[in-house]
Amino acid sequence: SGVILLSKNIYVGNLSWSTSNSDLNAMFSQYGQVTSANVIEDRDTGRSRGFGFVEMDEDGARKAIQALNGTDFQGRNLKVNEAQPRESRSRY
């Protein structure tokens, strides 16, 4: 049985409209093991909504958040932070 790596979900906001899933993956994989990287698209138009989520190992996530939050990527200053679990949001 292998060691279970805890993974963290990271919110990445203020993305350029042209940012793709593979751009996100490449950016974050410099810091650790990326499990998934998704730019969120509008259901009707298929256009990027300007934010996405990256899931990666906990240690890498910490490094990536520190390194990337507020940095310029494709002309936009990124907002990078730990994504909040969905459950706690909808209760209020």
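Please refer to the structure placed before this passage.
This section reports on the structure supplied with the text. (Residues numbered from 1 in each chain as written. Predicted model: local features only at pLDDT ≥ 70, side-chain atom pairs only at ≥ 80, totals over all residues. Heavy atoms only, no water.)

Once that is clear, we can look at the pattern of salt bridges. Taken as a whole and judged by the stated rule, the model has four salt bridges. E82 is the partner of K8 in a salt bridge, and the nearest nitrogen-oxygen pair spans 3.9 Å. Within this pair, whereas K8 is found in strand β1 (residues 7-13), its partner E82 is found in strand β6 (residues 79-82), the two being separated by 74 residues in sequence. Judged by its relative accessible area of 40%, E82 falls in the partly exposed class. Where R62 meets D59, a salt bridge forms, and the shortest distance between an N and an O atom there is 3.0 Å. Placement of the pair is R62 and D59 together in helix α2 (residues 58-68), with a separation of three residues, close to one helical turn. Members of the salt-bridge network, linked through shared partners, are K8, E58 and E82. (Salt bridge = Lys/Arg side-chain N within 4 Å of Asp/Glu carboxyl O. Helix = DSSP H or I, 4+ residues; strand = E, 2+ residues; numbered from the N terminus. Buried < 20%, exposed > 50% of the residue type's maximum accessible area, 1.4 Å probe, protein only.)

Once that is clear, we can look at the pairing of strand β3 (residues 48-57). In terms of residue burial, β3 counts as a mostly covered element, since eight of its 10 residues are buried. Bridge analysis of β1 against β3 gives seven bridges, and the strand direction is antiparallel. Within β3, the position partnered with V12 by the bridge is G52. By the bridge criterion, six bridges tie strand β2 (residues 34-41) to β3 in an arrangement that is antiparallel. Bridging across to β3, V34 finds its partner in M56. Linking β2 back to β3 in an antiparallel pair, the connection comprises six residues, with G46 at a positive phi of about 75 degrees. (Pairing = 2+ DSSP bridges.)

Turning to helix α1 (residues 21-28), a few remarks are in order. Those residues of α1 that fall on the buried side of the exposure criterion are L24, M27 and F28. Along the axis of α1, the buried positions cluster into a sector of 85 degrees, meaning they face one direction only. (Arc of directions from axis to C-beta.)

Following the criterion strictly, the structure yields three aromatic pairs and no others. Among the aromatic side chains, those forming a connected cluster through ring pairs are Y11, F51 and F53. We note R76 situated over the ring of W17; from NZ or CZ to the ring centre the distance is 6.0 Å. (Phe/Tyr/Trp six-rings, centres within 6.5 Å; stacked < 30°, edge-to-face > 60°. Lys NZ or Arg CZ within 6 Å of the ring centre and 35° of its normal.)

Assignment of secondary structure puts S16 in the loop between β1 and α1. A relative accessible area of 9% places S16 in the buried class. In this view, S16 contacts S48, Q74 and R76; residues no more than four positions away in its chain are not counted. (Contact = heavy atoms within 4.5 Å.)

Remember, this is a structural readout, not a statement about activity or role.
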